[in-house]
Every structure is written in C-alpha cells, then in structure tokens.
Amino acid sequence: MSEFICIVCPRGCRLQVDKNNKVTGNFCKRGEVYGIQEATNPTRVVTSTVRITNSELVRLPVMTSRPIPKNKIFAVMEAIQNITVPAPVQMREVILENVCDLGVNIIATRNAPLKEEV
Amino acid sequence: MKTVDIVVIGGGSAGLAAAISAYDQGIKNILVLEKEPYLGGILLQCIHNGFGLHHFKEELTGPEYAFRYTEELQKRNIDYRLNTMVMDISSDLTLHYANTEEGYVFIQAKAIICATGCSERTRGAINIPGDRPAGILTAGLAQKYMNIDGYQIGKKVFILGSGDIGLIMARRMRLEGADVLGVAEIMPYSNGLNRNLVQCLFDYQIPLYLSHTIKKIIGKTRVEKIVIAKVDEQFQFIEGTEETFEIDTLLLSVGLIPSNPILEKLGVNIHPRTKGPIVDDNLQTSIPGIFACGNSLHVHDLVDFVSEEGAQAGKAAALFVKNQLKTHPPLKVENGKGVSYVLPQYLKSRDTEQFEIRFRVNKPYQNVTLIVKQQNLVIKKMRKAFLFPAEMEVITGKFCDLMENGPVTVEVEDE
C-alpha cells in the first residue's frame, strides 16, 4: 500500500494505492489515473541550468525534453552539471542527447545569442 | 517634451501583456520601461516548468513563457527601454525616467499602466529574534542568484515559510547538492500549491514543520544554527518543542507585497489589505489615466492570471486614450465573512454583461456556499467543494442583477 497526495486539482485527495493498483481516497477519475501512475512509474521533468560561454548569460536554463523516471533525477542532474555550451544557443536546441541512456534529451529553454563584441 | 500614448512601467508578465493588448486595441504609440537588462521580469529566474497551463494549454518553463510574450511585443515593434528606472510621475501624467543612454528624460503620457510587480517580505517584516549574520536571504533573491547569476548559495539550508517560491527553492537547492533540512510554516496548513508540496518536498523527503516558526537565529559572521519551535493557535511558542538545526543558509519565503513606491508618492489610494492601488473594474486607480495590473495590484499565484489582468489593463488604457472608456456611478465591492480581500474595489463600467470579482478566502474551507450580496439581497450563490487562501478565486455575476446603489459583498456561508 502506498499513499500519495493527488496533485491533479487543488482539492489534494489523499490517495491509497494497493498492490493490485486499486486506488482509494480519490474524488474523481483523474485521481485514479494519477495514483496508478505514481505507484507504478512516477516521472518528473527536471529543470536546471548549465554553464555557457561567449554569451551575455552566465547560466543557460535547460530541461529534460520529456519526463524521466523519478529515481533517475540525480543521475540526470550529475550529467547536467558537467555540461558547458558555447553560445549561440536557440531555445529548444538539444544540449545533450540521450541523457543517461533514457532516450530523453536535455534542451535549452532560453535563447542565448553570442556576446556582442565591444 | 515627447508625447507617448501609453507608458507601461515594467516589462514583466503583466507589463508585456498590457502593452500587447493596448497595441491590439489600435494604440501604436506605446513605450515599455524595464529596469532589468532583459524583458520578461521574474519569469526568467523561474526556470521550473508548470507555467501557461491555463493560457497556452501546455506546460512551459518561466523563460519560455516570457519568450512567447517578448516575441509578440517585438512582432508589433512596440518600443521599449531596458536598464531604465522611472523616477517620478505627476498627476498630469508626465513621467521622468533615467537610463545610461538617454540620461534623465521627461515624457508626457496619455495613460500610464503600472506593472511594477511585488517585493519579498524580509526578516525585518516578521521580526525574527537573534543574531544578524550573513546567509539569511529571501527565497526569490536566492533564486535569482542561483538561476541567473550562477551562484551556489549554501550547502545546509533551512527554509522559513511554505510559499511556492520557498518550496521551489527547496527542490532547486537539493538538486544542486545542498542539504535541505526542512521547511517551517507558522500556519497549520501550507501556503503553497499541492503540486509544489509533492514535487518539491515529498519527492526529496524534505520535512515540512506546520505550526512551527523560528525562535532564534545563532551565528557570528555567517548563520550557524537556528532554533525552531511549535506555536499554539495564538502563534505563541509552546515551551519544550524547540529543535535546533545546524545550517549555513536560511531562506525566507514569508510573503510578497505589491511594490508601488512611485504611485504611493503620487498619492494614489492604496488598499490596506492588498497593499496595491484601489481600482475599479477597468483597473483604473484613483488618479484618472493611471492603471494597475499584475503583482503590483495584488499578489497572484499563477502567471496566467497576471497576463490576463495585464491584457485587461492594456485594453482599458487604450479605451481611455481613445476617450471611449465609459464609467458609471461607482458601486463599492466589499469583502464579507470569510473573505480576506476583493478586487476590483469598485464596479463602474457596466459596458459588459458580466462583472467579475477576484478574491481570496481567509482560511481553508470545504463544502461551502459563496454568496454575492447587495443590501442583504442574494445576487448570486455558488457551491464550492473547497477553497484555499493560496488560490485566487473568481466569481462572476450579471450587471442587470445589481441595484443602483449599495455595496456588493462577497462572503463565505458556513454550514
């Protein structure tokens, strides 16, 4: 039996999910879907920043292109911390392919043009 | 002196939406003034995702949400200035601003939209006793240091206040390798969204101490320890519940206050509860031609509603410039039982069929009825399964149901 707080809406139902993926404590159908997802394969989008060179920006914000398994968050963070990218970078550009062999890319979430020469 | 139809103060989520909306109403001579070296405001330091679910029907990060709006602004060739501070406004709508390229500039506006955002409450605002060492900072400032400037702020962190920024920063610092020892909240319930409680605290086993606050801060040059303790219903410390944490950083997420120094100086009427200007349903302040929107009007929890409010102010300001803004004798809007504030504070337009009142409740409620009343007559009733102070609510009604005079009140009817 696992317990979760449902985040589908502000009501915040306390969900119980048993071994057979039977959900109780949910007010609506969406809570059941959420409960099963959290009990069987919880995933999260990871957002962070990476080092960037030749840009007005000091840090480039990035994210995983899709949600990744919750237990891989710290492995993905370690990979992100080792990245340095040179400007220019376009928003949505792939910064690192197939991070931790998860089939997910790390992508930029902001444009970073080249630093203007003075 | 140069004349501009509409000056928008602040190039964040509210200001951008206001400028775009005013332009789309046919006012092309607009100037946006932004103090930071970039447009987008606080969104750019909010690198997490979850923005735009209402407005764009997808989950964006802060910088992406900001980009959607800056792109729209640039498509319309709306003029803007960065690194620019507004120094003064007069009631005849002349405005002084300064930047390093143009120096000190005077311009005449036909309407001004204030979208200056809010500021964080600091340690001084809540009077925490103890030493005054380094390492104590507000959560939003820490977020900027970390996500924009790239600093590691600390390694052993405690967070006071369960507001959303505090929760987001708990996760952010944990992901960057810090030890986040806990979050203390003086109220018996969390002030953050459920989603943030789950995904920022519970995911990382960060404890949440409800009905707890800081009793003492200890540290010579940098913060070394804090003592937290449980409080009773009167927020008095309960003896024997003290707990000590060794930390090097304390983040404060203890509330936001609308920031309106220029409007206050000008004498615009400020509401004691929202701390923002008193406005009518056109978002016009007590000085004709000055409009307010976004977090400088009242603190929002979702940026989508900030954009919506910005667009509303932009439209109204455009109508004002075109001399088409109709006003009727004002009807006062008041907060009744269970409601901590309402917005707007006056209904004046009656151009539209519907009126809309935004409000917050004073504590969590379940299975209650919301009532809009005028002169003790019920105008509208609405059942609500749950209401939370952390979530702004909206109730609408029809102007044709209202009487000529008497304040309109919104209240929560207990069972």
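Rules used throughout
- Starting from 1, residues in each chain are numbered consecutively following that chain's sequence as written.
- Following the order in which they are written, the chains are lettered starting with A and the ligands numbered starting with 1.
- Local features in this predicted model are restricted to residues of pLDDT 70 or higher, and side-chain atom pairs are both shown and tallied only at a pLDDT of 80 or more, whereas totals for entire chains, interfaces and linings draw on every residue.
- Only runs of H or I of at least four residues qualify as helices and only runs of E of at least two qualify as strands under DSSP, and these elements are numbered from the N terminus.
- Restricting the calculation to C-alpha atoms gives the radius of gyration, and the globule rule supplies 2.2 Å times the number of residues raised to the power 0.38.
- Those domain boundaries reflect an automatic or database domain assignment.
- Note: two strands are recorded as paired if DSSP finds a minimum of 2 bridges between them.
- Whenever a helix is involved, its axis is fitted only over the stretch in contact; in every case the axis is a line through C-alpha atoms, and angles between N-to-C directions fall within 0 to 180 degrees.
- Here, a nonpolar core denotes buried Ala, Val, Leu, Ile, Met, Phe, Trp, Tyr and Cys residues that are linked to one another through C-beta atoms within 7 Å.
- The burial label depends on the number of other C-beta atoms within 10 Å of a residue's C-beta. Counts of 20 or more mean buried, 12 or fewer mean exposed, and intermediate counts mean partly exposed, with C-beta atoms placed from the backbone.
- A pair of residues counts as a contact when their C-beta atoms, built from backbone coordinates, are separated by no more than 7 Å.
- Each crossing gets its handedness from the near helix: less than a right angle anticlockwise from the far helix is left-handed, clockwise is right-handed.
- An angle below 35 degrees is treated as roughly parallel, one above 145 as roughly antiparallel, one from 65 to 115 as roughly perpendicular, and anything else as oblique.
- For this classification, the nonpolar set comprises Ala, Val, Leu, Ile, Met, Phe, Trp, Tyr, Cys and Pro, the charged set comprises Asp, Glu, Lys and Arg, and every other residue, Gly included, is treated as polar.

Our next topic: the overall build of chain B. Helix and strand content of chain B: 8 helices and 27 strands. Here the C-alpha atoms of chain B give a radius of gyration of 22 Å, agreeing with the 22 Å that 2.2 N^0.38 yields for 415 residues. With respect to the principal axes defined by its C-alpha atoms, chain B has extents near 65 × 60 × 40 Å.

Next up on the list: the domain arrangement of chain B. For chain B, the domain assignment lists domain 1 (2–119 + 257–325), domain 2 (122–254) and domain 3 (347–413). For domain 2 of chain B versus domain 3 of chain B, the distance between C-alpha centres works out to 35 Å.

All right, on to the sheet that holds strand β16 (residues 243–246) of chain B then. Residues and elements named next belong to chain B. Taken in spatial order, the 3 strands make up an open sheet running β14-β15-β16, and their pairing is antiparallel. Every interior strand has two partners, whereas the edge strands, β14 (212–218) and β16, have only one. Within the sheet, the average angular offset between the axes of one strand and its neighbour, ignoring direction, is 30 degrees. Here β14 pairs with strand β15 (residues 225–230) via 6 bridges, running antiparallel. Following the sheet pairing, T213 is matched in β15 by A229.

For the rest of this paragraph, the subject is the nonpolar core. Residues and elements named next belong to chain B. Formed by 62 residues in total, the largest nonpolar core has its most connected members in I6, A18, A19, I113, F291 and A317. For this core, the leading source of residues is helix α8 (residues 303–321), giving 10 residues. Dropping the residues within four chain positions of it, I113 is found in contact with I6, V8, I9, A18, F291, C293, A313, G314 and A317. Counting residues in hydrophobic clusters, the runner-up holds 35 residues, among them I136, V157, I217 and I226.

With that out of the way, let us pick up the packing of helix α1 (residues 13–24) of chain B against helix α2 (residues 62–75) of chain B. Residues and elements named next belong to chain B. The geometry of α1 relative to α2 is characterised by a closest axis approach of 10 Å and an angle of 35 degrees between their N-to-C directions. You can see that α1 and α2 cross each other, and the crossing is left-handed. Residues S13, L16, A17, A19 and I20 of α1 touch α2, and the partners they reach there are Y69, T70, E72 and L73.

The next subject is unusual backbone geometry. Of note, the bond from A87 of chain A into P88 of chain A is cis; its omega dihedral lies within 30 degrees of zero at 0 degrees. Inspection of the secondary structure assignment puts P88 of chain A in the loop between β8 (84–86) and β9 (94–96). Across the junction of L343 of chain B and P344 of chain B, the peptide omega takes the value 0 degrees, indicating a cis bond. Structurally, P344 of chain B can be placed in the loop between β21 (339–343) and β22 (346–347). With phi around 60 degrees, N54 of chain A is a residue other than glycine that occupies positive phi space.

To continue, consider the domain arrangement of chain A. One frequent convention defines the size of an interface as the accessible area lost when the parts assemble. Looking at the assigned domains, one finds that chain A contains domain 1 (2–40) and domain 2 (47–108). Taken over C-alpha atoms, the centre of domain 1 of chain A sits 31 Å from the centre of domain 2 of chain A.

Let's shift gears to the environment of T274 of chain B. Residue and element names in this part refer to chain B. Counting through the fold element by element, T274 comes out in the loop between α7 (261–266) and β19 (290–292). When the 20 C-beta atoms within 10 Å are taken as the criterion, T274 is described as buried. Separated by 67 residues in sequence, T274 and Y341 place their C-alpha atoms 6.9 Å apart. Excluding its chain neighbours within four sequence positions, the residues that come into contact with T274 are P258, H298, Y341 and L343.

Moving on to the sheet that holds strand β3 (residues 23–24) of chain A. All names here are of chain A. Spatial ordering of the open sheet is given by β1-β2-β3, a layout of 3 strands whose pairing is antiparallel. A single partner strand is all that each edge strand has here, and the edge strands are β1 (2–5) and β3. The pairing of β1 with strand β2 (residues 14–17) spans 4 bridges and is classified as antiparallel. Residue pairing for β2: S2 is matched across the bridge by V17. Packed on one face of the sheet, helix α1 (residues 29–40) meets β1, β2 and β3 and runs near 55 degrees to β2.

All names here are of chain B. Joining the antiparallel neighbours β14 and β15 is a turn of 6 residues. Where β15 and β16 come together, 4 bridges link them in antiparallel fashion. By the bridge assignment, K225 is partnered in β16 with E246.

All names here are of chain B. Between helix α4 (residues 139–147) and helix α5 (residues 164–175), the least distance of the axes is 9 Å, while the angle of their chain directions is 40 degrees. Comparing the axis directions of α4 and α5 gives the class oblique. When the axes of α4 and α5 are compared, the crossing they make is left-handed. Here α4 contributes A139, G140, A142, Q143 and M146 to the contact with α5, which in turn contributes I165, G166, M169 and R172. When its residues are assigned to classes, the contact of α4 with α5 shows 5 nonpolar, 3 polar and 1 charged.

Here we come to the environment of I165 of chain B. All names here are of chain B. Of note, I165 is situated in helix α5. A tally of 26 C-beta atoms within 10 Å means that I165 is categorised as buried. Placed 86 residues apart in sequence, I165 and L251 show a C-alpha to C-alpha distance of 9.9 Å. Setting aside anything within four residues of it in sequence, one finds I165 in contact with A139, G140, Q143 and S253.

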